[in-house]
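Residues per chain, in single letters:
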Amino acid sequence: MAAGPAPSARVFLNHLDSYCGRSIGEYLSRCVVGASLESVAAEEEEEEDENNSVAEVFSKPKEGVYQVVGTLSKPESAKPHFAEETYAVSSREELLSHLLECKVVLYNITEDANQIEEATWAASALHMEIAHFATPKLFILISTIMSWAKSKLPDPEDPEIPFTDEDYRRRKAHPDFMDHINAEKLILKLGKTNKHKFSTYVVASGHQYGAGEGLLHYFFKIGWLSETPAIPVFGDGNNFIPTIHVVDLAAVLQNIADHRPRSHYILAVDASMNTLQELIKCISKNVGPGKIEKIPKENAFLSKELTPLKVCIHGPPGVGKSTIAEELCKHYKLHHIKINDVISETIANLEKVVVSKELDSDSVGEEAEDDEEEESKNVEAAQELLSEIKESMEQNSGHLDDQYIIKCVKDKLKSMPCRNQGYVLDGFPETYDQAKDLFNLESEDEEIKSKIPKCDTLITPEFVISLTASDKFLINRIINLPESVVAGTHYTQDRFLQSLNLFRELNTEDETVLNYFDELEIHPQFIDVAKFEDPENRFIVKEIIKEIGEPRNYGLTDEEKEILERKAAEECLVKEAQEKAEQERKEAEERAERMANWEEWNKHLEEVKRQEQELLEAQSIPLRNYLMKNVMPTLMQGINECCRIRPDDPVDFLAEYLFKNSPDIE
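Residues numbered from 1 in each chain as written. Predicted model: local features only at pLDDT ≥ 70, side-chain atom pairs only at ≥ 80, totals over all residues. Heavy atoms only, no water.

(A) Region of the structure containing the overall build of the protein. Broken down by element type, the protein carries 25 helices and 16 strands. Burial status across the protein gives 35% buried among its 666 residues. Here the analysis covers contacts within the protein between residues at least 6 apart in sequence; of these, 74% occur between residues at least 24 apart. Within the structure as shown, the protein displays about 42,100 Å² of accessible surface, and the carbon and sulfur contribution to it stands at 52%. (Helix = DSSP H or I, 4+ residues; strand = E, 2+ residues; numbered from the N terminus. Buried < 20%, exposed > 50% of the residue type's maximum accessible area, 1.4 Å probe, protein only. Contact = heavy atoms within 4.5 Å. Areas by Shrake-Rupley, 256 points an atom, 1.4 Å probe, with all protein chains shown as cover.)

(B) The sheet that holds strand 10 (residues 265-268), seen in detail. In spatial order, the strands read 3-2-1-4-5-6-10; together these 7 strands make up an open sheet with parallel pairing. The open sheet has two edge strands, strand 3 (85-87) and strand 10, and neither has a second partner. Here the strands of the sheet are splayed against their neighbours by 20° on average, with no regard to which way each runs. As defined by bridge partners, strand 4 (residues 104-108) adjoins strand 5 (residues 137-144) across 5 bridges and the pair is classed as parallel. Bridge assignment links tyrosine 107 to a residue of strand 5, and that residue is leucine 141. (Pairing = 2+ DSSP bridges. Axes fitted to C-alpha atoms, helices over the stretch in contact; angles between N-to-C directions.)

(C) Quick look at the pattern of salt bridges. Under the counting rule described, the total for this entry stands at 15 salt bridges. Put simply, arginine 92 and glutamate 117 hold a salt bridge, and the shortest N to O gap is 2.7 Å. Separated by 25 residues along the polypeptide, arginine 92 in helix 4 (residues 92-100) and glutamate 117 in helix 5 (residues 115-128) bring together distant segments of the chain. Salt-bridge contacts for glutamate 656 lead to lysine 660; the nearest nitrogen and oxygen are separated by 4.0 Å. Taken as a pair, glutamate 656 and lysine 660 lie in helix 25 (residues 650-661) at a separation of 4 residues, close to a single helical turn. Taking the relative accessible area as the measure of exposure, glutamate 656 reaches 39% and is therefore partly exposed. Taken together, the shared-partner salt bridges in this structure form one network comprising Glu582, Arg585 and Glu589. (Salt bridge = Lys/Arg side-chain N within 4 Å of Asp/Glu carboxyl O.)

(D) Representation of a negative patch on the surface in the model. A cluster of acidic side chains, namely Asp402, Glu430, Asp433, Asp437, Glu505, Glu509, Asp510, Glu511, Asp518, Glu519 and Glu521, defines a negative patch on the protein surface. Of all the secondary-structure elements, those providing two or more residues to the negative patch are helix 16 (432-439) and helix 21 (513-519). Relative to the elements of secondary structure, aspartate 518 occurs in helix 21. Its relative accessible area of 30% is what places aspartate 518 among the partly exposed residues. (Patch = residues over 30% accessible without salt bridge, like charges linked within 9 Å, V, L, I, M, F, W, Y side chains within 5 Å. Lys, Arg positive; Asp, Glu negative; His and termini not counted. Charge placed at Lys NZ, Arg CZ, Asp CG, Glu CD.)

(E) Region of interest: the nonpolar core. Of all hydrophobic cores here, the largest spans 36 residues; its most connected members are Val409, Leu413, Leu425 and Phe439. Every element with two or more residues in this core is listed here: helix 12 (339-360), helix 13 (369-395), helix 14 (402-413), strand 14 (422-426), helix 16 and helix 21. The residues contacting phenylalanine 439, other than those within four sequence positions of it, are Leu413, Tyr423, Leu425, Pro429, Cys455, Asp456, Ile459, Thr460, Pro461, Tyr516 and Phe517. In this structure, Leu13, Leu138, Ile244 and Ala251 belong to the second largest nonpolar core, which totals 31 residues. (Core = buried A, V, L, I, M, F, W, Y, C linked by side-chain atoms within 4.5 Å.)

(F) Region of the structure containing the sheet that holds strand 15 (residues 463-468). Across the sheet, which stays open at both edges, the 5 strands sit in the order 13-14-12-15-16 with parallel pairing between neighbours. In this open sheet, the two strands that pair with only one neighbour each are strand 13 (335-337) and strand 16 (525-528). Averaged over all pairs of adjacent strands, the angle between strand axes in this sheet comes to 20°, irrespective of strand direction. Alignment of strand 15 against strand 16, held across 4 bridges, turns out to be parallel. When the bridges of strand 16 are listed, threonine 468 appears paired with aspartate 528. Against the sheet, helix 11 (residues 321-332) touches strand 12 (309-314), strand 13, strand 14 and strand 15, its axis set at about 175° to strand 14. Seen against the sheet, helix 23 (residues 538-548) touches strand 12, strand 15 and strand 16 and runs at an angle of roughly 165° to strand 16.

(G) Quick look at the packing of aromatic side chains. All told, the structure shown has 10 aromatic pairs when counted by the stated rule. Ring geometry for phenylalanine 439 against tyrosine 516: centres 6.5 Å apart, planes inclined by 25°, an arrangement best described as stacked. Placement of the pair is phenylalanine 439 in helix 16 and tyrosine 516 in helix 21, with a sequence separation of 77 residues. No difference in accessibility class separates phenylalanine 439 from tyrosine 516, as the two residues are buried. Each ring, one from tryptophan 598 and one from tryptophan 601, has its centre 6.4 Å from the other, and the planes form 75°; the classification is edge-to-face. On the criterion of helical spacing, the pair formed by tryptophan 598 and tryptophan 601 is a turn pair, its members being 3 residues apart in helix 24 (residues 558-645). (Phe/Tyr/Trp six-rings, centres within 6.5 Å; stacked < 30°, edge-to-face > 60°.)

(H) Region of the structure containing helix 4. All of the buried residues along helix 4 are Leu95, Leu96, His98 and Leu99. Down the axis, helix 4 shows its buried residues gathered within 160° of arc, on one side only. Of the surrounding elements, those touching the buried residues of helix 4 are strand 1 (9-13), strand 3, strand 4, helix 5 and strand 5. (Arc of directions from axis to C-beta.)

What follows is the structure, given as structure tokens:
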């Protein structure tokens, strides 16, 4: 009797939309439970004569295959075609309920280290539910070979000797992968409680490749584009790279699910041992230009053209140099060089060197005498420079001589951050001599031989932006500044006019700082600030960016862009909410004011009516007295007489009576 189809098994896999998750999920969705290396695709090929369309085949549930469910790394991603279900989990309790529905749980921590904590929680939560399991469950942690990165070779002279179980217990992870090895140990420990109901495995995966590429994508891209004559090999290229094809990794997981091997820790790597140089050479030969180029391994962080961007902003006080420099630094990710900040930073660093030396003077050993001598010389130099700087500031009422300013700025421009990313010099140098001392090479012999001065290209700016404006425009701008902005700055009336006059004097001679840059063939770009009528300098910044060009630094990653967009949206919502609340507050105040005014108006109206009534009553007293004395007696007699006689026309009778008997009529 023929056996029926194998029952389907539900498999949970995290991050189905990642490189590794997508490949493993798609592979397992085509595999028959219990029949390793068989796929539903092969069965469909045997049934082609049944005239079923491809759409009908995929729409029908596949009997006996792994049913893949899981989460997505990006909730907005579409559900993969191979997945039965995807979960947008809002709580741990909800996630646990989904895990309990699955026979096999796979957690991949090779691509996202943030999944380590969730993976260990999931295994621990399932372990606590063992007593309620209706069927045995399998938990597989997909870890990385980097948990072995710092392990010592069994025989350093023969690297081909394999590791043993003893080496496995002594394995050491790379410092960046300590959380991975701790997760491996926890998962294996949880699987020892009740192996029949809850078994756990750890698969230490080699670096994955294939099916769209992950780790090697950069090299394939360079070779495919053929924009360079050779593909780079970082370092000497002799380091062995443990790899595994992502489909082979999926097959390993299928075999574990089907056969439950005795060993619960499995190294999943290719049998072949290839160095980085061999891998890159193969890619270059088959996809790229056919050549490789060995470059320092530090250049692995410079995979795009990263060159420093050096800018100098020149202009009179109040023209907006600092604001524009700050915006350029944000856009290009540069360092804002402000003279006062550089001097303060230099003094703080010198004091730190001197103080640290004094604290460490008691704990010096004899073994470090040579290093100590060199360090003591540096400390003495720092102490001497610090004393000279403080003395200069005392003698000049807090100001520093040019020679020390030049030294501080030059050291800052030669620092590694400025050399790597670049800088924006804010309003310095101010004179021809300062520029010459700052940017010229220290040897003067070569400069004498040539009319063009020899500058230090390492720190000399590429772009010089000169902001111009009339004195009237600048004075009006400063006058209109709020008091809170002007307080404590050089924008007070006397100091500002003094600074403005000094700037005009320094820039009317033949030898100005702009002349210096002209001599170096670095021609300044002049921008008239008054033409733009832009208090926030947005149009000026756009004009400068257009002149400088694209950023040369690392751009924002998709995650950073998403964070910035989310932050901007949140700020917009907060701003709208504040504006709405402010509007509601104003309306409430106006409404309350109207109500108060309405009550006040009603009180005034009642008072006016009362006064009018009193006035009318007061004015009506003489008339009433007159009527009571002269009219009412005769009127009462006429009415009585009318009642007695009962004439046909009472009104006419009464009028006639009053006319005849009125006391005023003789």
